[in-house]
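Overview (structure and organization)
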Amino acid sequence: MSRKSRKIIEPQLPRFESNKAIKDYVKEKPLFKDSFNEIHLLLLREGARDCSQFNKELALDLDDVEKKQGLEQMDRTVDFVVGCVKNTLLMVEAKFRVKDARNLSKTELEKKIRHSRNLLSCEHYTVYGSTILLFNSDRFEQNKNTVFRLFSNTNKMVPLTVEGFYKRVFEKE
């Protein structure tokens, strides 16, 4: 099979059912208890243009968690975490201000993911194996292909638009 004809198989993502999942997780990590935020507000803060499909869905704001630890030199984390079914945590990194994914650093992204996983580790919860990487819809296909090449089609990163993220994780089937 030629390199160009390889089909990228996107992973089945865990589904969001309610805010209960992330609230229950935080009961096991008291340090995180005041670091919830509504997803549409997190997306707007990170530079999303439209996230009107989101209503009152909550996520754990890892940037806020890092700030509250009071460290002078914060380690970088993914932007937020969504609680999903079966005690699964889904990490999300927003790159709305990135015009060209070729400007992303694979090393920096892997470092963020590793640190976030360590921060989130908990006996009764699993951090999902792939991380969502959000882009604006303009130039999305080009950025998606760049991310797949950067991560050698391993599904470590799942590039999506806000609309695709909503459909694959939040929309009722």
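Here, every reference points to the structure presented above.
Residues numbered from 1 in each chain as written. Predicted model: local features only at pLDDT ≥ 70, side-chain atom pairs only at ≥ 80, totals over all residues. Heavy atoms only, no water.

1. Observations concerning helix H1 (residues 20–28)
Our working definition: A 1.4 Å probe rolled over the protein chains alone gives each residue an accessible area, and that area as a share of the maximum for its type sets the label: buried under 20%, exposed over 50%, partly exposed in between. Helix and strand assignments come from DSSP, with helices taken as H or I runs of at least 4 residues and strands as E runs of at least 2, each series counted from the N terminus. Arc, as used here, means the arc of the directions from the helix axis to the C-beta atoms. Residues are treated as being in contact if the distance between any of their heavy atoms lies within 4.5 Å.
Considered for burial, the residues of H1 that qualify are Ala21, Ile22, Tyr25 and Val26. For H1, the buried positions fall inside an angular range of 135° around the axis, keeping them on one side. In H1, the exposed positions angled more than 90 degrees off the buried face are occupied by Lys20 and Lys27. In the core, the buried residues of H1 are packed alongside strand S1 (36–38), strand S2 (58–61), strand S3 (80–84), strand S4 (88–94) and helix H4 (106–120).

2. Thoughts on the state of the cysteines
Definition in use: Any cysteine sulfur atom paired with another within 2.5 Å is treated as part of a disulfide.
For the coordinates displayed, the defined rule picks out 0 disulfides. Residue Cys51 stays outside any disulfide, its sulfur separated by 18 Å from that of Cys84, the closest cysteine. For Cys51, a relative accessible area of 5% corresponds to the buried category. This cysteine, Cys84, is not joined by any disulfide, and Cys122 carries the nearest cysteine sulfur, 15 Å off.

3. Examining the nonpolar core
Here is the rule: Put simply, a nonpolar core is a bunch of buried Ala, Val, Leu, Ile, Met, Phe, Trp, Tyr and Cys residues held in one set by side-chain atoms that sit within 4.5 Å of each other.
Membership of the largest hydrophobic core comes to 27 residues, with the highest contact counts inside it found for Tyr25, Leu60 and Leu120. When contributions to this core are tallied by element, the ones reaching two or more residues are H1, S2, helix H3 (62–68), S4, H4 and helix H5 (140–150). When residues in this core are grouped by element, the largest group, 4 residues, is from H4. When residues no more than four places from it in sequence are discounted, the contact partners of Leu120 are Tyr25, Lys29, Phe32, Leu60, Leu62, Val81, Leu89, Met91 and Val127. The next biggest cluster of nonpolar side chains, apart from the first, holds 26 residues, and it includes Ala48, Ala59, Leu90 and Tyr166.

4. A few points about H4
Note the following rule: Expected span of a helix, by definition, is 1.5 Å for each gap between consecutive residues, and there is one gap fewer than residues.
Its 15 residues give H4 an end-to-end C-alpha distance of 21 Å, which sits within 8% of 21 Å, the value for a rise of 1.5 Å per residue. When we look at burial in H4, the residues that qualify are Leu109, Lys112, Ile113, His115, Ser116, Leu119 and Leu120. Within H4, the buried residues cover an arc of 170° as seen down the axis, which keeps them to one side. Across H4 from its buried face, at more than 90 degrees, point the exposed residues Thr107 and Asn118.

5. Quick look at the pairing of strand S7 (residues 157–160)
Going by this rule: In this scheme, strands are said to pair when DSSP sees at least two bridges between them.
The alternating pattern of S7 places Met157 and Pro159 on one face and Val158 and Leu160 on the opposite face, and all of these are buried. Alignment of strand S6 (residues 131–134) against S7, held across 4 bridges, turns out to be parallel. Its bridge partner lying in S7, Ile132 is registered against Val158.

Shape is all these values report; function is a separate question.
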